[in-house]
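Residue strings, one per chain:
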Amino acid sequence: MIVKSLELKNFRNYRELNMVFDRGTNILHGDNAQGKTNVLEAVYLSGTTRSHRGSRDREMIRFGEEEAHIRIVVEKNEVEHQVDMHLKRNSSKGIAVNRVPIRRAGDLFGILNLVFFSPEDLNLIKDGPSKRRHFLNMELSQLDKIYLDDLTKYHKVLKQRNQLLKDIHFRPDLEETLPVWDDQLIFLGKKIIESRLRFIRELNGIVTDIHCRISGGKERLILGYEPSCEGERLAEEMERSRLKDLKTGMTSFGPHRDDISFFINDTDIRKYGSQGQQRTAALSLKLAEIELVRRMTHDTPVLLLDDVLSELDGNRQNYLLNSIHEIQTIITCTGLDEFVKNRFHINRVFYVKNGTVE
């Protein structure tokens, strides 16, 4: 799988941009705040419908314009797919695949499989549970459309239940309708938990070996899934926590409260790991992502590296660069020193300056 070309119009600081990528390593270099990351954001948006920065559509439209347009051409299994995306300041985005409009944003998932690695991802281990849940949801949604559908439905039901919990405060008679939402939440919650458990098991089969190699055989990394409540006990816990939920107006149990654990040699590195251990674990996780996508889709994902090499020491830089030879990679950086020093083969170089690319 590769990204062949990218066209932008009125996206971020680009009035117009046309880029053709190599199948191998593509490097975008230049000073900070020139637009390098904006290119990666457009690619990521085209595969997932979301900005990796969490930006809203209107925030990605060039200042003074009403719309932005992204067009990306992807080659998958020797077949080309064109994705067009219109971002609108005052309405929802429009998406077309091969010039045919799609009704649901979820229909875009799976056309372009991506692994995004930024300096923020190096803090995934020490950040809060919401960041780790986001990681789970984004990776699983790219690989499993059933999971994406279950997750979308779950969050809709969760929103409805939380609103009902608040409304009951003013209209107590509405409490008799609560079991209807409870049943839906329990049914979907169990499916989500099962999918996440399966994903963590598959990821563990890869990440442990990678981490062992990076650490020189000194450390063994094991991931765990920490549900706020076991799937088979969701109904029991929801019944038991009803009074608490009514008081707070929030659903206190379910997949929206879950977390991932990271243990090295029986030590929880979220709390007690050094920064080096946490960063090595994050790097191992990203490399394991690549391999898991390859196994599940029988194709390689596109790797997006956003100025991450400058945050890694020499050993981790070498391991990362030596691991991505067979993957199309788009890398942003301020200079080329790391690549020259490591004698890393570069296929295409782009120089980015103030919204222009050469």
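Source: prediction; values computed, not measured.

Across its full length, the protein holds 10 helices and 15 strands. The C-alpha radius of gyration computed for the protein amounts to 22 Å, which stays within 12% of the reference 21 Å derived for 358 residues, consistent with globular compactness. With respect to the principal axes defined by its C-alpha atoms, the protein has extents near 65 × 55 × 35 Å. Within the protein, the fraction of its 358 residues that count as buried is 54%.

Let us now look at the sheet that holds strand β2 (residues 14–20). Within the open sheet, the 6 strands sit side by side as β2-β1-β4-β5-β6-β7. Their pairing is antiparallel. Edge positions in the sheet fall to β2 and β7 (100–101), since each of these pairs with one other strand and no more. As paired elements, strand β1 (residues 2–11) and strand β4 (residues 67–76) share 7 bridges and run antiparallel to each other. Bridge pairing in β4 places Glu-7 opposite Arg-71. Contacts from helix α1 (residues 36–48) reach β1, β2, β4 and β5 (79–88) within the one sheet, and its direction differs from that of β1 by about 110°.

With that settled, consider the layout of surface pockets. Taken as a whole, the largest pocket spans an internal volume of roughly 480 Å³. Around the largest pocket, the lining comprises 20 residues; the ones closest to its centre are His-52, Ser-118, Glu-120, Asp-121 and His-134. Here the residues of the lining of the largest pocket are counted per class, giving 6 nonpolar, 5 polar and 9 charged. What lines the second largest pocket is a set of 16 residues, and nearest its centre among them are Arg-50, Gly-106, Phe-109, Leu-148 and Thr-152. Elements with a contribution of two residues or more to the lining of the second largest pocket: α2 (129–143) and α3 (145–168). The greatest single-element share of the lining of the second largest pocket, amounting to 7 residues, is contributed by α3. Grouping the amino acids of the lining of the second largest pocket by side-chain chemistry returns 4 nonpolar, 6 polar and 6 charged.

Another aspect to go through is empty space enclosed by the protein. As enumerated under the stated definition, the model contains 1 cavity of 30 Å³ or more in all. Within this model, the largest cavity holds a volume of roughly 30 Å³. Taken together, Arg-50, Phe-109, Asn-137, Met-138, Ser-141, Leu-148 and Leu-151 form the lining of the largest cavity. In terms of residues, the lining of the largest cavity owes the most to one element, α2, which gives 3 residues. Each residue belonging to the lining of the largest cavity can be placed in one class, and the counts come to 4 nonpolar, 2 polar and 1 charged.

A few words on the packing of α2 against helix α4 (residues 178–214). Geometrically, a packed helix pair is captured by the angle between its two axes and the distance between the axes. Where α2 meets α4, the closest approach of the two axes is 11 Å, and the angle between their N-to-C directions is 90°. Accordingly, the angle class assigned to the pair α2 and α4 is roughly perpendicular. Here α2 contributes Phe-135, Leu-136, Asn-137, Glu-139, Leu-140 and Leu-143 to the contact with α4, which in turn contributes Ser-195, Arg-196, Phe-199, Ile-200 and Leu-203.

Further remarks concern the side chain of Glu-41. Examined against the element boundaries, Glu-41 turns out to sit in helix α1. The exposure class assigned to Glu-41 is buried, which follows from its relative accessible area of 0%. Engagement of the side chain of Glu-41 in a polar contact is seen with the side chain of Arg-53, the distance being 2.8 Å. Once residues within four sequence positions are removed from consideration, Glu-41 is found in contact with Phe-11, Arg-12, Ser-51, His-52, Arg-53, Ser-55 and Met-60.

Applying the stated criterion across every chain yields a total of 33 salt bridges. We note a salt bridge from Lys-191 to Asp-150, for which the minimum N-O separation is 3.2 Å. Of this pair, Lys-191 sits in helix α4 while Asp-150 sits in helix α3, and the two are 41 residues apart along the sequence. Since its relative accessible area comes to 5%, Asp-150 is described here as buried. With a shortest N-O distance of 3.8 Å, Glu-239 and Arg-242 are connected by a salt bridge. With a relative accessible area of 51%, Glu-239 lands in the exposed category. For Arg-242, a relative accessible area of 15% translates into the label buried. Put simply, Arg-132, Glu-226, Asp-259, Asp-268 and Arg-270 are held in one network by salt bridges that share partners.

An order of β8-β12-β13-β3-β14-β15 is seen for the 6 strands of this open sheet, with the pairing classed as mixed. The open sheet has two free edges, formed respectively by β8 (114–117) and β15 (356–357), since each of these has just one partner strand. By the bridge criterion, 2 bridges tie strand β14 (residues 348–353) to β15 in an arrangement that is antiparallel. Bridged to Val-352 within β15 is Val-357.

Definitions and limits used
The residue count restarts for each chain, going from 1 along the sequence in the order it is written. In keeping with the predicted nature of the model, local features appear solely for residues at pLDDT of at least 70, side-chain atom pairs appear and are counted solely at 80 or more, and the whole-chain, interface and lining totals rest on all residues. With hydrogens and water excluded, all non-hydrogen atoms of the structure serve as input to the side-chain values. Per the convention used, a helix needs a DSSP run of H or I reaching at least four residues, while a strand needs a run of E reaching at least two, with both numbered from the N terminus. For the radius of gyration, the atoms used are the C-alpha atoms, and the globule rule reads 2.2 Å times the number of residues raised to 0.38. Using a 1.4 Å probe on the protein chains alone, a residue whose accessible area is under 20% of its type maximum counts as buried, one over 50% counts as exposed, and one in between counts as partly exposed. A pair of strands is labelled paired if DSSP reports no fewer than 2 bridges between them. We call two residues contacting when some pair of their heavy atoms lies within 4.5 Å. Here, axes are lines fitted to C-alpha atoms. For helices the fit covers the stretch in contact, and angles between N-to-C directions go from 0 to 180 degrees. The rule is simple: put a 1 Å grid over the protein atoms alone, call a set of points where a 1.4 Å probe fits but cannot get out a cavity, call an open set with protein on both sides within 12 Å along at least five of seven lines a pocket, and count a residue as lining if it has an atom within 4 Å of a point. Grid points are joined across faces, edges and corners, and a volume is the space filled by probe spheres set on the points. Residue polarity follows a fixed list, in which Ala, Val, Leu, Ile, Met, Phe, Trp, Tyr, Cys and Pro are nonpolar, Asp, Glu, Lys and Arg are charged, and the others, Gly among them, are polar. Should an angle fall under 35 degrees it is called roughly parallel, over 145 degrees roughly antiparallel, and 65 to 115 degrees roughly perpendicular, with every other angle called oblique. Any pair of nitrogen or oxygen atoms within 3.5 Å is treated as a polar contact; in protein, a donor-acceptor pairing is required on top of that, and neighbouring residues in sequence qualify only through side-chain atoms on both sides. Each reported salt bridge corresponds to a side-chain nitrogen of Lys or Arg within 4 Å of a carboxyl oxygen of Asp or Glu.

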